[in-house]
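Structure assessment
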Amino acid sequence: MIRFVYFDLDDTLIDHRRAEKAALADCHNHFAKHLNGYALPHIQETYHVHNVPLWRDYGAGLISKEVLQRRRFEHLLHALDVASLAPDELGSHYLRRYRHHWNWIDGAQQAFLDIAARYPVGILTNGFKEEQHAKLERFPTLRERSAAVVISEEVGVMKPDLALFAHAAEKVNVAPENILYIGDSLHSDVEGGRNAGWQVAWFRGDDGLRKDVRVFGDWGEFSIVAG
Ligand SMILES: [Mg+2]
């Protein structure tokens, strides 16, 4: 029996990856004369190589948000051997362009509304609180329809930490087994949700990897099976 549906935000409802890619492309254009002729795919790849371990350190509480936000561009520029551009200048431009490119994942808005018409719903997301609140302002439907919004930075722990899932369940006063979580990340959403005793639907997942969750590839094909 499902009594509450929590949604992950980035790359489940809002297309974070596409926005990040487009923002890096804008930075590549805007700062072209500083970037030593490196092609955009190399810059995107290098950014990822440095961003992923920084997020891991941030998730483990080893570095602050401010350090993460600065270092990802410091490391990128260092790897590209660029000394003529300040990391903060690149970082500010990136964030402005990132916000500009936010959009729904195809079909996600309609699916969210359909599900919200049948169940109480909420948002459970990792990420920086300023960015996540700004997304909810940009797409007001999300906040209007959500009975609960849980942002990891405001609680002090990140997915897949069980404490965050426990906090989210308590907030809506629903037993873990009666909550469905819909998310795209194997580690944060699927493992986190299942370990917390929630039901999980894995967006763009791999059904060869988990037999205990529903996997779907497209919002158009998704529906909640009553039970
Ligand atoms: Mg996600």
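Structure: above.
The following refers to the structure shown.

What counts, and where the lines are drawn
- Residues numbered from 1 in each chain as written.
- Predicted model: local features only at pLDDT ≥ 70, side-chain atom pairs only at ≥ 80, totals over all residues.
- Heavy atoms only, no water.
- Buried < 20%, exposed > 50% of the residue type's maximum accessible area, 1.4 Å probe, protein only.
- Helix = DSSP H or I, 4+ residues; strand = E, 2+ residues; numbered from the N terminus.
- Pairing = 2+ DSSP bridges.
- 1 Å grid on protein atoms, 1.4 Å probe; cavity = no way out; pocket = protein on both sides within 12 Å on 5 of 7 lines; lining within 4 Å.
- Points joined across faces, edges and corners; volume = space filled by probe spheres on them.

Of the two faces of strand 1 (residues 4-7), the one holding Phe4 and Tyr6 and the one holding Val5 and Phe7 are both buried throughout. Sheet topology note: the strand 1/strand 4 (residues 179-183) ladder contains four bridges and is parallel. Its bridge partner being in strand 4, Phe7 is matched across the sheet by Ile182. In this structure, strand 1 lies alongside strand 2 (residues 121-125), joined through three bridges in parallel fashion. Considered in strand 2, the bridge of Val5 is made with Val121.

Before going further, it helps to examine the layout of surface pockets. Space inside the largest pocket adds up to approximately 1100 Å³. Along the wall of the largest pocket there are 34 residues; nearest its centre are His16, Trp55, Asn126, Met158 and Ser188. Residue assignment for the lining of the largest pocket shows that the elements contributing at least two residues are helix 1 (16-30), helix 2 (40-59), helix 4 (87-100), helix 6 (129-138) and helix 10 (186-195). Among the elements that make up the lining of the largest pocket, the one with the highest residue count is helix 2 (seven residues).

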